[in-house]
Amino acid sequence: MEVNIPPTHPRYQSLLIREKLIKGFEEGYVAKAGLIAHGRGECFDYLIGETTIEPALKAIEAAVAALLLSNNPVISVNGNVAALVPEEVVKLAELVNAKIEVNLFYRSEERVMKIAEVLRACGAREVLGVSDATAEIPELMSERRRVSPRGILIADTVLVPLEDGDRTEALRRLGKTVIAIDLNPLSRTARAASITIVDNVVRAMPKMIEYAQKLSNASREELSSILREYDNNAILSEVLKHIRNRLEELSKSNLLIQC
Ligand code: PTJ
């Protein structure tokens, strides 16, 4: 069903994002639970202020440094990511020389193929995890355990935008660097990742592209120094303090947040 959203609507951008997910759901590649996950994300985005905050920028810089330093970086794509930022996935993968792999919690071959099609339409030359998800991540029970032997299995760094916690923990146990993009700073994923970008994927991915362009000529020493100085626990603390301070300020003022 086509919905006509007037550009003057105070929440125009937010409604457009919702429509992308609904379209992806109707086309059969966004999971039903993906719509619920988005609602949860929106709630945290309200608390953050729907903007990329300073701790997220620090995490983005460290994440891009980690990707550029990696030998086998992989960007993992699920239904929501395919609906919201497929072009950005392809662009970032090009800039940091990463592979792209479809990896789904609610895996069905039909969804996998549709997501690969979306990515190819955006210019992806190779999409892993389609017919080659023949390896398994040990100690992981969900469908996310199925990975490509040329992708996530041998990756040293995996970018997991919008994730559930189990796989992040399993990938960390394998010694991989895990970069999460998750609006919920309290989620298991956010807590277990090596680098957590607490931001909306629709803002974080373009920023990652910007940083990848900016850092493309940085030396390995410069990139390593960015990583050495990065402390994920401190970043998560900063995010929580940001939310606390923001709520305190809002509770004092008569500021109306338009919903
Ligand atoms: O496509 P599939 O089958 O792999 O399934 C994907 C979902 C997202 C349904 C699956 O991974 C899942 O159930 O995830 P969770 O456990 O609901 O976690 C999703 C996390 O992403 C939550 O912490 C949300 O707050 C967060 N989130 C939702 N929308 C966004 C987001 N984070 C960043 N940007 C968003 N737009």
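Residues numbered from 1 in each chain as written. Predicted model: local features only at pLDDT ≥ 70, side-chain atom pairs only at ≥ 80, totals over all residues. Heavy atoms only, no water.

A. Seen up close, the packing of aromatic side chains. A full pass over the atoms with the stated rule returns 1 aromatic pair. Taking 4.8 Å as the distance between ring centres and 75° as the angle between the ring planes, the aromatic pair formed by Phe105 and Tyr106 counts as edge-to-face. What makes Tyr106 partly exposed here is its relative accessible area of 45%. For the cation-ring pair, Lys214 lies above Tyr211, with the distance from its terminal atom to the ring centre recorded as 4.1 Å. (Phe/Tyr/Trp six-rings, centres within 6.5 Å; stacked < 30°, edge-to-face > 60°. Buried < 20%, exposed > 50% of the residue type's maximum accessible area, 1.4 Å probe, protein only. Lys NZ or Arg CZ within 6 Å of the ring centre and 35° of its normal.)

B. Representation of the nonpolar core. Counting 65 residues, the largest nonpolar core has Val77, Val89, Leu92, Leu119, Ile197, Met205 and Met208 as the members making the most contacts within it. Top contributing element to this core by residue count: helix α3 (residues 54-69), with 11 residues. If we ignore the near neighbours within four places in the chain, the residues touching Leu92 are Ile75, Leu159, Met205, Met208, Ile209 and Ala212. Core analysis: the next-biggest nonpolar cluster, separate from the first, contains 14 residues, Ala170, Leu171, Ala180 and Ala193 among them. (Core = buried A, V, L, I, M, F, W, Y, C linked by side-chain atoms within 4.5 Å. Helix = DSSP H or I, 4+ residues; strand = E, 2+ residues; numbered from the N terminus. Contact = heavy atoms within 4.5 Å.)

C. Structural detail: the pairing of strand β6 (residues 177-181). Extensive coverage of β6 is indicated by the burial of 4 of its 5 residues. When strand β5 (residues 157-161) meets β6, the two strands line up parallel, connected through 5 bridges. Bridge pairing in β6 links Leu159 to Ile179. Handedness of the β-α-β unit built from β5, helix α7 (residues 165-173) and β6 comes out right-handed. Here β6 runs beside strand β7 (residues 195-197); their pairing, made up of 3 bridges, is parallel. Bridging across to β7, Ile181 finds its partner in Ile197. (Pairing = 2+ DSSP bridges. Right-handed = clockwise from strand over helix to strand, strands pointing away.)

D. Representation of the sheet that holds strand β1 (residues 73-77). Judged by pairing direction, the sheet is parallel, and its 5 strands sit side by side in the order β2-β1-β5-β6-β7 without closing on themselves. Edge strands, defined here as strands with exactly one partner in the open sheet, are β2 (99-102) and β7. Taking each pair of neighbouring strands and ignoring which way they run, the sheet shows an average axis angle of 20°. Seen against the sheet, α7 touches β1, β5 and β6 and runs at an angle of roughly 170° to β5. (Axes fitted to C-alpha atoms, helices over the stretch in contact; angles between N-to-C directions.)

E. Highlighting the pattern of salt bridges. Summed over all chains, the structure comprises 21 salt bridges. Across the pair Lys23 and Glu27 runs a salt bridge, and its minimum N-O distance is 3.3 Å. A salt bridge links Arg144 to Glu163; the nearest nitrogen and oxygen atoms lie 3.7 Å apart. A residue pair is termed long-range when its members are at least 10 positions apart, and Arg144 in the loop between β3 (135-136) and β4 (146-147) and Glu163 in the loop between β5 and α7 qualify at 19 residues. (Salt bridge = Lys/Arg side-chain N within 4 Å of Asp/Glu carboxyl O.)

F. Main features of the side chain of His38. Structurally, His38 is set in helix α2 (residues 32-48). Judged by its relative accessible area of 12%, His38 is buried.

G. Spotlight on the pairing of β1. Counting buried positions along β1 gives 5 out of 5 residues, so the element sits mostly inside the fold. Neither face of β1 is open: one carries Pro73, Ile75 and Val77, the other Val74 and Ser76, and all of them are buried. Where β1 lies against β5, 3 bridges are found, and the strand directions are parallel. By the bridge assignment for β5, Val74 is matched with Val158. The sheet contact formed by β1 and β2 spans 4 bridges and is parallel. Its bridge partner lying in β2, Ile75 is registered against Ile100.

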